[in-house]
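# Summary of structural features
Each chain, letter by letter, is given below.
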Amino acid sequence: MQGNIVTPSTHTARTTCTPSRAARELGLKRGEFDLAVHLGHIRTVPDEGGGGPRVPQAEIDRLRAGEGFPETLRTRVETVGTKEGAGLLDVPPGRFTRLARLGVVVPVKFYLNRYRAVVWLYLAEELRQFAADEKNARLLSGRTPPGLREQLKEGLDVRARNWRVRQLGFLRRQSAGHPWAQAAAVASLLDPAQLAEIVPDPYERAHVNRFLPKATTYGAPDSPTAQVAARILRATDPDEMAWYRADLEQAVREARAAQPAPRPAAVHSPAAAHSPARPQRPPAPPAVPRQHPQAAEARRPRGLLGRLRRRHA
């Protein structure tokens, strides 16, 4: 019989790949790739096998087909430190630091150098846009306004706080709208003791912990380096903690209404389930009322027959 014979293809299309391979195909360093994901420039999908996020091949193809690839993508994730950032704004490094402390420019990353000093990094693209806006010219030259100078004298420094706000936006974007992942994103910026206080239910708290994002480690636990990083990773100011606490309470309420946390079903003891049933004791015979002696004597046979029976008894 003639006809078209269809045979299965020996080549299976690769639909997703690991972040490391995606970074290589996009010409990015791993840190640049992670930042691009955080900023929403690269879309990822969860691994159906329970692993980390994966990158669809279609997303890689889309980015590679974009105009100016790979320079355009690299420009979006280019980060600079204080010295380079000051050069982009054409201001002295000291003035750049003051602008960052006031929250005029917002860091996007940080790391700790060998002296355990915090090194803040900023998006070069954002700094270029800031310098090009004529509304910001008064902040880049001349004397700092008196009100801002007073705040700097009082020790104002919102770099860590602004980084946390930005980090929360990253985590919420990665949660893909999952209600408990949204709650976990907020919980990651609070101390575990506060999480236990805000979410007293152990099953709900365990569900929040399940979706906590994987934290970057800085040194050994409880080391000086880790302690410095902890002051950045989690809120410390009372007003900021109050804001995140209220946000977490609202997120948990919404998650509870949308998808209640799983709870263990009532489990019966296996021994009790398979043990033979005990035989029931037969019911006790009905009680016989005790008779008065005179009543019993009254029912005895009288006469000769009665005397004979009593004699042989």
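These lines cover the structure that appears in this document, whether it is placed above or below. (Residues numbered from 1 in each chain as written. Predicted model: local features only at pLDDT ≥ 70, side-chain atom pairs only at ≥ 80, totals over all residues. Heavy atoms only, no water.)

Turning next to helix H10 (residues 159–174). Taking 1.5 Å of rise per residue, 16 residues should cover 22 Å, and H10 covers 23 Å from first to last C-alpha, within 8% of that figure. Listed in full, the buried residues belonging to H10 are Arg159, Ala160, Trp163, Arg164, Arg166, Gln167, Leu168, Phe170 and Leu171. Ala176 sits one or two positions beyond H10 and adopts a positive phi of about 55°. (Helix = DSSP H or I, 4+ residues; strand = E, 2+ residues; numbered from the N terminus. Expected span 1.5 Å × (residues − 1). Buried < 20%, exposed > 50% of the residue type's maximum accessible area, 1.4 Å probe, protein only.)

Residues other than glycine predominantly adopt negative phi, and peptide bonds predominantly adopt the trans conformation. Of note, the bond from Phe69 into Pro70 is cis; its omega dihedral lies within 30 degrees of zero at 5°. Tracing the chain through its elements places Pro70 in the loop between helix H3 (57–64) and helix H4 (71–76). Of note, the phi angle at Asp90 is positive, near 60°, even though the residue is not glycine. Tracing the sequence through the fold places Asp90 in the loop between helix H5 (82–89) and helix H6 (93–102).

Scanning the model with the defined rule gives five aromatic pairs in all. Taking 5.0 Å as the distance between ring centres and 90° as the angle between the ring planes, the aromatic pair formed by Phe96 and Tyr122 counts as edge-to-face. Here Tyr122 lies in strand E5 (residues 118–123) and Phe96 lies in helix H6, a separation of 26 residues in the sequence. Of the two residues, Phe96 and Tyr122, both sit in the buried class. A ring pair is formed by Phe110 and Trp163, whose centres lie 5.2 Å apart and whose planes are at 85°; its orientation type is edge-to-face. Here Trp163 lies in helix H10 and Phe110 lies in strand E4 (residues 109–112), a separation of 53 residues in the sequence. Each member of the pair Phe110 and Trp163 is classed as buried. Through a chain of ring-to-ring contacts, three or more aromatic side chains come together here, namely Phe110, Trp120, Trp163 and Tyr218. (Phe/Tyr/Trp six-rings, centres within 6.5 Å; stacked < 30°, edge-to-face > 60°.)

Once the charged atoms of two side chains with opposite charge are near each other, the side chains can pair. The final tally for this structure, using the stated rule, is 13 salt bridges. Note that Arg128 is salt-bridged to Glu78, the shortest N-O span being 3.2 Å. Residue Arg128 is found in helix H7 (residues 124–132), and its partner Glu78 is found in the loop between H4 and strand E3 (79–80); the two are separated by 50 residues along the sequence. Assessed through its relative accessible area of 30%, Glu78 is described here as partly exposed. One salt bridge in this structure joins Arg166 and Glu126, with 2.2 Å as the shortest N-O distance. Of this pair, Arg166 sits in helix H10 while Glu126 sits in helix H7; the two residues are 40 residues apart in sequence, bridging distant segments of the chain. Residue Glu126 is classed as partly exposed on the basis of its relative accessible area, which comes to 31%. One continuous salt-bridge network, built from bridges that share partners, spans Arg43, Glu59 and Arg62. (Salt bridge = Lys/Arg side-chain N within 4 Å of Asp/Glu carboxyl O.)

Moving on: empty space enclosed by the protein. In total, this model carries one cavity of 30 Å³ or more according to the counting rule given. Quantified by volume, the largest cavity comes out at close to 70 Å³. Taken together, Arg95, Arg98, Leu99, Leu102, Arg138, Leu139, Thr144, Pro145 and Leu148 form the lining of the largest cavity. When contributions to the lining of the largest cavity are tallied by element, the ones reaching two or more residues are H6 and helix H8 (137–140). The greatest single-element share of the lining of the largest cavity, amounting to four residues, is contributed by H6. Each residue belonging to the lining of the largest cavity can be placed in one class, and the counts come to five nonpolar, one polar and three charged. (1 Å grid on protein atoms, 1.4 Å probe; cavity = no way out; pocket = protein on both sides within 12 Å on 5 of 7 lines; lining within 4 Å. Points joined across faces, edges and corners; volume = space filled by probe spheres on them. Nonpolar A, V, L, I, M, F, W, Y, C, P; charged D, E, K, R; others polar.)

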